[in-house]
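# What the coordinates show
Below are the chains, spelled out letter by letter.
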Amino acid sequence: SQDSPGIATKSPNSLFGMGNPLLDISAVVDKDFLEKYGLKPNDQILAEDKHKALFEEIVKNFQVEYHAGGATQNSIKIAQWMIQEPHKVSTFFGCIGEDRFGEILKQKAEEAHVDAHYYEQTEEPTGTCAACITGDNRSLVANLAAANCYKKDKHLDLEKNWSLVEKAKVYYIAGFFLTVSLESILKVAKHAAENNKLFTMNLSAPFISQFFRDALMEVIPYVDVLFGNETEAAMFSKEQHFETEDIEEIAKKTQALPKVNMKRQRVVVFTQGKDATIMTRGDKVEMFPVLKIDHKDIVDTIGAGDAFVGGFLSELVQDKDLEDCVKAGHYAANVIIRQAGCTFPDKPDFH
């Protein structure tokens, strides 16, 4: 109803995301292809020189589909899809090239009713991500290219852009962006903490906790809600010397890490694929079973984690209870795995 208290919170630009806008190039491949390029069946990595040929080969030898991707952008889109009206509740910043792939990303963001403001440059082409599918697994190889060129002083600091950051009350940045612009992340994170707004982040991939640990730990004190999956949680625990592989313990220890804004206790949310999602609340760790799905209904798992976050954020921005946030996350993830890539039907059916 129009008078319910949640309604005012769905104002334009109230959810802000910043990250790597990538065009996903997805294909069902074979084991030999994974082995040839030294890929694990289920992983996310940054492309190295040895992967250069992979992008050409996947297009040449396999049936590929192109989808707008990039972890943060996926989540922001899904949040908007869950909210539906008004349009442009979600804002997204990232860097693209002035090229065909960049045009596709702009068009897809518009179709999703996201208020995307890209920093466009000509040094590098728009970033791509090869999604190599085998069975229920997907191995992601990101060639950041333009996405890696995001500059705080060239985009975030501009008054017309920063004013959109100020309009928001919930912020989400995937850990992947730590490899691009730590200073941009910190500027947004500090703004959130100083204004008692919600800053949320994702561990994103094991390599982030492992190789970008220092950058990650600079941001963690500002994080109000931290997302991750079981593999990322395990790596984070190892790198932080938590000396436990128990996911509930890891969640508690992560929750207890130092925090800047003491008005809000950190919430830690770890998904575990088909197993229950765990979330810290107060001094408890709670479990939430995921929605059942028949194996034959799974098209691919691309974007499942991003969708969970998107669903969660769509309720969070409306000041809903944390339990409702998790339920919305489970709903969105369940929808996405029935579709190719991170795509979704016209309207959600979430109550």
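Residues numbered from 1 in each chain as written. Predicted model: local features only at pLDDT ≥ 70, side-chain atom pairs only at ≥ 80, totals over all residues. Heavy atoms only, no water.

For the chain, the name recorded in an unreviewed UniProt entry is Adenosine kinase, with Esox lucius as its organism. What the UniProt record of the chain gives under Function (unreviewed entry) is the line "ATP dependent phosphorylation of adenosine and other related nucleoside analogs to monophosphate derivatives." UniProt annotates the chain under Pathway (unreviewed entry) with the comment "Purine metabolism; AMP biosynthesis via salvage pathway; AMP from adenosine: step 1/1." (UniProt positions renumbered as here; feature names shortened; annotations may be inferred.)

### Points about the sheet that holds strand S3 (residues 43-46)
Spatially, the five strands line up as an open sheet ordered S3-S8-S7-S2-S4, and their pairing is mixed. For this open sheet the edge positions go to S3 and strand S4 (65-69), each flanked by a neighbour on one side alone. Between one strand and the next, the sheet's axes are offset by a mean angle of 25°, whatever the strand orientation. When strand S2 (residues 22-28) meets S4, the two strands line up antiparallel, connected through five bridges. Along S4, the bridge assignment pairs Ser 26 with Glu 65. (Pairing = 2+ DSSP bridges. Helix = DSSP H or I, 4+ residues; strand = E, 2+ residues; numbered from the N terminus. Axes fitted to C-alpha atoms, helices over the stretch in contact; angles between N-to-C directions.)

### Examining the pattern of salt bridges
Overall, the coordinates contain 16 salt bridges when judged by the stated rule. With its nearest N and O atoms 3.2 Å apart, the salt bridge here joins Glu 103 to Lys 106. Note that Glu 103 and Lys 106 are positioned in helix H4 (residues 100-111) at a spacing of three residues, about one turn of the helix. On the accessibility criterion, Glu 103 (45% relative accessible area) is partly exposed. Put simply, Glu 315 and Lys 320 hold a salt bridge, and the shortest N to O gap is 3.6 Å. Given the relative accessible area of 35%, Lys 320 is considered partly exposed. Within this structure, Arg 281, Glu 286, Asp 321 and Glu 323 form a network of salt bridges that share partners. (Salt bridge = Lys/Arg side-chain N within 4 Å of Asp/Glu carboxyl O. Buried < 20%, exposed > 50% of the residue type's maximum accessible area, 1.4 Å probe, protein only.)

### A short note on the nonpolar core
Within the largest apolar cluster, 56 residues are counted, with the highest numbers of intra-cluster contacts made by Met 18, Tyr 150, Val 188, Phe 199 and Phe 270. Examining the composition of this core, we find that six residues originate from one element, helix H7 (residues 182-194), more than from any other. Excluding residues within four positions of it along the chain, Tyr 150 makes contact with Met 18, Phe 93, Gly 94, Cys 95, Tyr 119, His 155, Leu 156, Phe 177, Val 180, Ser 181 and Ser 184. Formed by 35 residues, the second largest nonpolar core is a distinct cluster that contains Leu 15, Leu 23, Phe 227 and Leu 313. (Core = buried A, V, L, I, M, F, W, Y, C linked by side-chain atoms within 4.5 Å. Contact = heavy atoms within 4.5 Å.)

### Things to note about the layout of surface pockets
For the second largest pocket, the calculated volume is near 470 Å³. Together, 19 residues line the second largest pocket, and Trp 81, Lys 108, Glu 111, Ala 112 and Phe 344 are the ones closest to its centre. Only S4, helix H3 (71-83) and H4 provide two or more residues apiece to the lining of the second largest pocket. Residues of the lining of the second largest pocket, tallied by class, amount to seven nonpolar, six polar and six charged. (1 Å grid on protein atoms, 1.4 Å probe; cavity = no way out; pocket = protein on both sides within 12 Å on 5 of 7 lines; lining within 4 Å. Points joined across faces, edges and corners; volume = space filled by probe spheres on them. Nonpolar A, V, L, I, M, F, W, Y, C, P; charged D, E, K, R; others polar.)

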